[in-house]
Amino acid sequence: MNTLEIKDVSKFFPFGRGRRIEVLADVSLTLPAAGTLTISGSSGSGKTTLLNVIGGLAQPTSGGVWWNGKSIYADSRAGLTQWRRQTVGLVFQSYQLMPELSVLENVLLPAAFRRHDASRSAAELLEQVGLKNRIQHRPTELSGGEQQRVAIARALINNPALILADEPTGNLDPANSEVVLRLLLDLVRKQHKTLVLVTHDDSIAQRMDLRYRLIGGKLSRDL
Ligand SMILES: Nc1ncnc2c1ncn2[C@@H]1O[C@H](COP(=O)(O)OP(=O)(O)O)[C@@H](O)[C@H]1O
Ligand SMILES: [Mg+2]
């Protein structure tokens, strides 16, 4: 069973002349091997920073992240990149699809250098997110909710154990938010993955198995 442990993570950012702000202060967290976890907090509280640290995208100033007992940031740059490709799927608030590629090509992108049979998996994933008939379209021809469903398929293409979603419904109207959220929860639960979802919406947080909140750089458990 996979484990991801965040231990005593602090993250400082420099600003102005020789000054720095502490965005994360001694944050520790063990992710469940499967299930859903949310990180809440007001804007600027460090949610994205913490998600980036968890996903191998931002090295902490001190402390570390261990995947199955191995420190991910102690690895080489290439090793870290490979770990991230295999283990982590990312979903962003603003979808971040490539406009010049088709829906199918967007989903294939993280798999490009890995597998030959990936087209079939990508088509299957697009069917699961309800976009079977749109695979040759460009992202700009889709609604926001549909684009986010493409991004979810893209996040799953390498069959990652961990899905990190940063305010994934932040740009969507309530009806599309509901569709996207339900889809994410459904896929994660069916495939026994771990979802870490960042939100500042309490009604979304309430639907996750575990709830944490960032205040003043400190992470605490929420009821
Ligand atoms: N690369 C960076 N350089 C300097 N400051 C940063 C950087 N990234 C984030 N910050 C600062 O860290 C704080 C937390 O940012 P962020 O993690 O994006 O918060 P949230 O996602 O909760 O809104 C903010 O004050 C932000 O300005
Ligand atoms: Mg953020």
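Refer to the structure presented above.
Residues numbered from 1 in each chain as written. Chains lettered and ligands numbered in written order. Predicted model: local features only at pLDDT ≥ 70, side-chain atom pairs only at ≥ 80, totals over all residues.

A.B. asks: Even after reading the chapter, I still don't get the overall build of the protein, so can you show me in this structure?
C.D. replies: In terms of helices and strands, the protein carries seven helices and 10 strands. Against the compact-globule benchmark of 17 Å for 223 residues, the protein has a radius of gyration of 17 Å, which places it among compact chains. Judged by the C-alpha coordinates and their principal axes, the protein covers about 50 × 40 × 40 Å. Considering only intrachain contacts with a sequence separation of at least 6, the fraction spanning at least 24 residues in the protein is 69%. (Helix = DSSP H or I, 4+ residues; strand = E, 2+ residues; numbered from the N terminus. Rg over C-alpha atoms; globule rule 2.2 N^0.38 Å. Contact = placed C-beta atoms within 7 Å.)

A.B. asks: Help me out: how do you make sense of the nonpolar core in this one?
C.D. replies: Core analysis: the biggest nonpolar cluster contains 54 residues, and Val-107, Ala-153 and Leu-164 have the highest contact counts within it. The leading source of residues in this core is helix H5 (residues 144–156), at six residues. Setting aside residues no more than four positions away along its own chain, Leu-164 makes contact with Leu-51, Ile-54, Gly-55, Val-88, Leu-90 and Val-196. (Core = buried A, V, L, I, M, F, W, Y, C linked by C-beta atoms within 7 Å. Buried ≥ 20, exposed ≤ 12 C-beta atoms within 10 Å, placed from the backbone.)

A.B. asks: I tried to follow helix H4 (residues 118–128) on my own but got confused; where do I start?
C.D. replies: Residues lying three or four places apart along an α-helix face the same way, a consequence of the helix completing one turn every 3.6 residues. Those residues of H4 that fall on the buried side of the exposure criterion are Ala-122, Leu-125 and Leu-126. Along the axis of H4, the buried residues cluster in a sector spanning 100 degrees; they form a single face. Of the residues in H4, the exposed ones pointing more than 90 degrees away from the buried face are Arg-120 and Glu-124. Next to the buried residues of H4 lie helix H3 (103–108) and H5. Just beyond H4, the residue with positive phi is Gly-130, at close to 80 degrees. (Arc of directions from axis to C-beta.)

A.B. asks: Would you explain the sheet that holds strand E4 (residues 62–67) in this entry?
C.D. replies: Think of a sheet as strands paired side by side through backbone hydrogen bonds, with each pair either parallel or antiparallel. Strand order in the open sheet formed by four strands is E2-E1-E4-E5, with antiparallel pairing between adjacent strands. Pairing within the sheet leaves two strands with one partner each, and these edge strands are strand E2 (19–31) and strand E5 (70–71). Relative to E5, E4 is paired through two bridges, and the arrangement is antiparallel. The residue of E5 that forms the bridge with Trp-66 is Ser-71. (Pairing = 2+ DSSP bridges.)

A.B. asks: Explain helix H6 (residues 174–190) here, please?
C.D. replies: The terminal C-alpha atoms of H6, which comprises 17 residues, lie 24 Å apart, in line with the 24 Å expected from a rise of 1.5 Å per residue. Within the sequence span of H6, burial applies to Ser-177, Val-180, Leu-181, Leu-184 and Val-188. Within H6, the buried residues cover an arc of 95 degrees as seen down the axis, which keeps them to one side. Exposed and oriented more than 90 degrees from the buried face of H6 are Ala-175, Arg-182, Asp-186 and Lys-190. Considering only its buried residues, H6 is in contact with strand E3 (35–40), H5, strand E7 (162–166), strand E8 (194–198) and helix H7 (202–205). Just downstream of H6, His-192 is the residue with a positive phi angle, here 55 degrees. (Expected span 1.5 Å × (residues − 1).)

A.B. asks: I would appreciate a short explanation of the site of ligand 1 in the present structure.
C.D. replies: Close contacts around ligand 1 come from Phe-13, Val-23, Gly-41, Ser-43, Gly-44, Ser-45, Gly-46, Lys-47, Thr-48 and Thr-49, and that covers them all. Considering each element in turn, the shell around ligand 1 owes the most residues, three residues, to helix H1 (residues 47–54). Here the shell around ligand 1 is built from residues that sort into two nonpolar, seven polar and one charged. (Near = placed C-beta within 6 Å. Nonpolar A, V, L, I, M, F, W, Y, C, P; charged D, E, K, R; others polar.)

A.B. asks: Looking at this structure, how should I read the packing of H5 against H6?
C.D. replies: If you want to describe how two helices pack, look at the angle between their axes and the distance between the axes. Interhelical geometry of H5 versus H6 gives an angle of 15 degrees and a closest axis separation of 9 Å. Taken together, the axis directions place H5 and H6 in an arrangement best described as roughly parallel. The handedness of the crossing between H5 and H6 comes out as right-handed. Of H6, the residues touching H5 (which contributes Gly-144, Gly-145, Gln-148, Arg-149, Ile-152 and Leu-156) are Asn-176, Val-179, Val-180, Leu-183, Leu-184 and Leu-187. Residue composition of the contact of H5 with H6, grouped by class: seven nonpolar, four polar and one charged. (Axes fitted to C-alpha atoms, helices over the stretch in contact; angles between N-to-C directions. Parallel < 35°, antiparallel > 145°, perpendicular 65-115°, else oblique. Left-handed = near helix turned anticlockwise from the far one by under 90°.)

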